[in-house]
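Single-letter residue listing:
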Amino acid sequence: HVHCAHGILPVPAPATAYLLENIPIYGGTIQGELCTPTGAALLKYFVSRFAAMPVMAVTTIGYGVGQKEFPMANCLRAMLGERENAAPALWELTCQVDDMTGEAVAFALEQLRAAGALDAFVTPIYMKKSRPAFQLTVLCRSEQKEPLIRTFFQHTTTLGLREYPFRRYELERSSETRMVNGVPVRIKKAEGFGVHREKAEYDDLAVLAQKANISLEEARHLLK
């Protein structure tokens, strides 16, 4: 608990608890305030995703030591490093159909995305007797494979489905919002494998270009 102008209050304090909404928290055996409003505000502002520490090559380690004495070390440790290029194990599910309309294929694709596909796309192909047809393909994790198989059979006319195990290498993704001439523009970032890229969200860039009465290319230059 903490002592404040309103008396004795439980931790986290009201302001801290409010800031920690939608942030994973847990309690422990330490009798004292371990997360202050300032600490909670820093987490809220800077952290975009909470997860276990990934496999990585640590390049820098920093410590911040508090003044209060607890049964355990009163310090915060931060590690900066490069994520190991471990590709996750994924599955590719695919089928070929020559008796579905374009509308039906589009609907099936949306249902596959809703069922948990990481990616879903259609490829125009030619099948027996040179018939124009479609090949539907989805990428998924193991836990989504069974629901997606059922979705394939429910929303397509296929009589069979192929699966292929594979690994996917990907860049670490994040995003931020920049204010440009009073317009919020979302910036998508990707980095890893020695590269760094960033790209403005098209919809936001279009709004910026329309409000400023300039071209998309000129709007992109405003972000630099």
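It should be noted that the structure appears before, not after, this text.
Residues numbered from 1 in each chain as written. Predicted model: local features only at pLDDT ≥ 70, side-chain atom pairs only at ≥ 80, totals over all residues. Heavy atoms only, no water.

Participant: Please explain the pairing of strand S7 (residues 132–140) as it appears in this structure.
Facilitator: In regular strands, side chains alternate between the two faces of the sheet. With seven bridges joining them, strand S5 (residues 89–97) and S7 adopt antiparallel strand pairing. For Cys 95, the partnering residue across the bridge sits in S7 and is Leu 136. Here strand S6 (residues 119–126) pairs with S7 via eight bridges, running antiparallel. For Asp 119, the partnering residue across the bridge sits in S7 and is Leu 139. (Pairing = 2+ DSSP bridges. Helix = DSSP H or I, 4+ residues; strand = E, 2+ residues; numbered from the N terminus.)

Participant: How should the sheet that holds strand S11 (residues 195–200) be read in this particular structure?
Facilitator: Taken together, three strands build an open sheet; the order of strands is S9-S10-S11 and the sheet is antiparallel. The open sheet has two edge strands, strand S9 (172–180) and S11, and neither has a second partner. Direction aside, neighbouring strands of the sheet carry axes that sit 25 degrees apart on average. Pairing of strand S10 (residues 183–192) with S11 involves six bridges; the strand directions are antiparallel. Bridge pairing in S11 places Lys 189 opposite Glu 198. Along the sheet face, helix H5 (residues 202–212) touches S9, S10 and S11 and points at about 140 degrees away from the line of S10. (Axes fitted to C-alpha atoms, helices over the stretch in contact; angles between N-to-C directions. Contact = heavy atoms within 4.5 Å.)

Participant: What should I look at first to understand helix H4 (residues 142–155) in this one?
Facilitator: Each α-helix winds once per 3.6 residues, and so residues spaced three or four apart point in a common direction. Its 14 residues give H4 an end-to-end C-alpha distance of 21 Å, which sits within 8% of 20 Å, the value for a rise of 1.5 Å per residue. Looking only at H4, the buried set comprises Lys 145, Leu 148, Ile 149, Thr 151 and Phe 152. Among the structural elements, S5, helix H3 (102–114), S7 and strand S8 (162–167) are those in contact with the buried residues of H4. (Expected span 1.5 Å × (residues − 1). Buried < 20%, exposed > 50% of the residue type's maximum accessible area, 1.4 Å probe, protein only.)

Participant: Can you walk me through the pattern of salt bridges in this structure?
Facilitator: Side-chain pairs of opposite charge can arise where the charged atoms are in close proximity. One pass over the full model with this rule turns up 12 salt bridges. We note a salt bridge from Lys 145 to Glu 163, for which the minimum N-O separation is 3.3 Å. Here Lys 145 is found in helix H4, whereas its partner Glu 163 is found in strand S8, with 18 residues between them in sequence. According to the relative accessible area criterion, Lys 145 is buried, its value standing at 15%. For Glu 163, a relative accessible area of 40% puts it in the partly exposed group. (Salt bridge = Lys/Arg side-chain N within 4 Å of Asp/Glu carboxyl O.)

Participant: Any chance you could explain the sheet that holds S5 here in plain terms?
Facilitator: By way of backbone hydrogen bonds, the strands of a sheet pair with one another, either parallel or antiparallel. The four strands are arranged S6-S7-S5-S8 in an open sheet whose pairing can be described as antiparallel. Since the sheet does not close on itself, it has two edges, and those belong to S6 and S8, each with one partner. Averaged over all adjacent pairs, the angle separating strand axes in this sheet is 25 degrees, with direction ignored. In the packing of H3 onto the sheet, contacts are made with S6 and S7, and the angle to S7 comes to roughly 5 degrees.

Participant: What should I look at first to understand unusual backbone geometry in this one?
Facilitator: Peptide bonds are, in most cases, trans, and in most cases residues other than glycine have a negative phi. With an omega of 0 degrees, the peptide bond between Val 11 and Pro 12 qualifies as cis. Structurally, Pro 12 can be placed in the loop between strand S2 (7–9) and helix H1 (14–19). We note that Asn 181 has phi near 50 degrees; this positive angle belongs to a residue other than glycine. Tracing the backbone shows Asn 181 in the loop between S9 and S10.

Participant: What am I meant to see in the layout of surface pockets here?
Facilitator: Once rolled over the atoms, a probe with the size of a water molecule shows which space is left empty. Counted as a void, the second largest pocket has a volume near 180 Å³. Surrounding the second largest pocket, Arg 178, Ile 187, Glu 198, Lys 199, Ala 200, Glu 217, Arg 220, Leu 223 and Lys 224 form its lining. Of all elements in the fold, only S11 and helix H6 (216–222) reach the threshold of two or more residues within the lining of the second largest pocket. Looking at the lining of the second largest pocket element by element, the count peaks at three residues for S11. Residues that form the lining of the second largest pocket fall into these classes: three nonpolar, no polar and six charged. (1 Å grid on protein atoms, 1.4 Å probe; cavity = no way out; pocket = protein on both sides within 12 Å on 5 of 7 lines; lining within 4 Å. Points joined across faces, edges and corners; volume = space filled by probe spheres on them. Nonpolar A, V, L, I, M, F, W, Y, C, P; charged D, E, K, R; others polar.)

Participant: What should I look at first to understand the packing of H3 against H4 in this one?
Facilitator: Helix packing for two helices is described by the angle between their axes and how far apart those axes are. Running from N to C, H3 and H4 cross one another at 160 degrees; their axes reach a closest spacing of 10 Å. In terms of axis orientation, H3 runs roughly antiparallel to H4. Relative to H4, the crossing made by H3 is right-handed. Contacts between H3 and H4 involve Phe 107, Ala 108, Gln 111 and Leu 112 from the former and Leu 148, Thr 151, Phe 152 and His 155 from the latter. The residue makeup of the contact of H3 with H4, split by class, is five nonpolar, three polar and no charged. (Parallel < 35°, antiparallel > 145°, perpendicular 65-115°, else oblique. Left-handed = near helix turned anticlockwise from the far one by under 90°.)

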